[in-house]
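Residue strings, one per chain:
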Amino acid sequence: MAQEEENNDKVEVRIYSIATSLTESIIFLDELKGSRILPIWIGPMEAQAIAIRLSGYPSPRPMTHDLLFSLIKKLDMKLLDVTISDIVENTYYSHLFLQKPDGETIKLDARPSDSVAMAVRFGCPIYISERGFSKTQVLSKPISEDEVIKFKQDLKNLKPTDIISQLLNRKRPEDPENGNEKQ
């Protein structure tokens with residue numbers, strides 16, 4: 001790992017799969033030395049930027065992440081690694097760790113989708129903090145290809161109203177019906 005965080009509790013992950021629909025996409029990050037898979041909802045354009053690079057086919061014109069890649073290289077800098085560090089109110093936070101020519105490391109705030117898009121361009125490690133894993137629902141390996149295919153199919157049929165209705169129907173912990181009155 002290129003940098004030391006206050007909690008040196010990061011685990012390396014790889015891209016397991018990307019599922020897309022017309023309005024949303026999910027990237028699945030697979031823990032290399034463990035059994036967890038973290039799904040992160042990202043925009044379709046960001047998913048496309050990651051998928052295009054993973055496919056090996058060059059874009060006819062530089063996309064935004066390709067431009068950033070070229071700029072960083074021209075400045076003689078390196079992307080050492082990226083870390084998805086936290087989740088606050090359902091928003092994921094991540095950082096890029098760049099090394100300047102003099103060896104100094106720079107930490108930049110970034111969206112996880114942009115961090116992953118840059119990581120696949122530079123071929124650098126992707127990490128997730130244990131704090132990030134602990135604040136969200138994760139999938140457990142082994143997950144079969146059939147499960148991934150079914151999830152992708154379900155995602156294609158998902159409408160924004162489905163998500164909203166699930167959120168509205170979910171009982172909050174402080175609801176008296178749950179036996180947990182707000183103190």
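Residues numbered from 1 in each chain as written. Predicted model: local features only at pLDDT ≥ 70, side-chain atom pairs only at ≥ 80, totals over all residues. Heavy atoms only, no water.

Engineer: Before we go on, may I ask you to explain helix H1 (residues 44–55) in this structure?
Structural biologist: Three or four residues apart is the spacing at which side chains of an α-helix point the same way, because the helix has 3.6 residues per turn. Taking 1.5 Å per residue, twelve residues should reach 16 Å; H1 reaches 16 Å between its end C-alpha atoms and fits that length. Every buried residue of H1 is listed here: Glu-46, Ala-47, Ala-49 and Ile-50. Across the axial projection of H1, the buried residues extend over an arc of 160°, all falling on one side. Check the buried side of H1 and you find it contacts strand S1 (10–20), strand S2 (25–31), strand S3 (36–42), helix H2 (64–74) and helix H3 (112–122). Of the residues trailing H1, Gly-56 is marked for its positive phi of about 90°. (Helix = DSSP H or I, 4+ residues; strand = E, 2+ residues; numbered from the N terminus. Expected span 1.5 Å × (residues − 1). Buried < 20%, exposed > 50% of the residue type's maximum accessible area, 1.4 Å probe, protein only. Arc of directions from axis to C-beta. Contact = heavy atoms within 4.5 Å.)

Engineer: Quick question: what am I supposed to make of the pattern of salt bridges here?
Structural biologist: A side chain with one charge can pair with a side chain of the opposite charge if their charged atoms come near. All told, the structure shown has nine salt bridges when counted by the stated rule. Between Arg-36 and Glu-31 there is a salt bridge; the shortest N-O distance is 2.7 Å. Among the residues examined, Glu-31 registers a relative accessible area of 7% and is labelled buried. In this structure, the salt-bridge partner of Asp-66 is Arg-121, at a minimum N-O distance of 2.7 Å. With a gap of 55 residues between them, Asp-66 in helix H2 and Arg-121 in helix H3 connect regions that are remote in the sequence. Using a relative accessible area of 5% as the deciding quantity, one classes Arg-121 as buried. Three or more residues joined by partner-sharing salt bridges are found here, namely Glu-31, Arg-36 and Glu-130. (Salt bridge = Lys/Arg side-chain N within 4 Å of Asp/Glu carboxyl O.)

Engineer: What am I meant to see in the pairing of strand S4 (residues 78–88) here?
Structural biologist: Side-chain direction in a regular strand flips from residue to residue, so the side chains alternate between the two faces of the sheet. Within S4, eight of the eleven residues are buried, which leaves the element mostly enclosed by the surrounding structure. Bridge count between S4 and strand S5 (residues 91–99): nine bridges; the pairing is antiparallel. Residue pairing in the sheet places Ile-87 in a bridge with Tyr-92 of S5. One ladder, built from three bridges, connects S4 with strand S7 (residues 126–129); its direction is parallel. From the neighbouring strand, Val-82 faces S7, where its bridge partner is Ile-126. (Pairing = 2+ DSSP bridges.)

Engineer: Mind showing me how you'd approach the packing of aromatic side chains here?
Structural biologist: Given two aromatic rings, one states the distance between the centres and the angle between the planes to describe the pair. Tallying each qualifying case throughout the model produces one aromatic pair. Of note, Lys-10 hangs over the ring of Phe-97, and the distance from its end group to the ring centre comes to 5.7 Å. For the cation-ring pair, Arg-36 lies above Phe-133, with the distance from its terminal atom to the ring centre recorded as 3.9 Å. (Phe/Tyr/Trp six-rings, centres within 6.5 Å; stacked < 30°, edge-to-face > 60°. Lys NZ or Arg CZ within 6 Å of the ring centre and 35° of its normal.)

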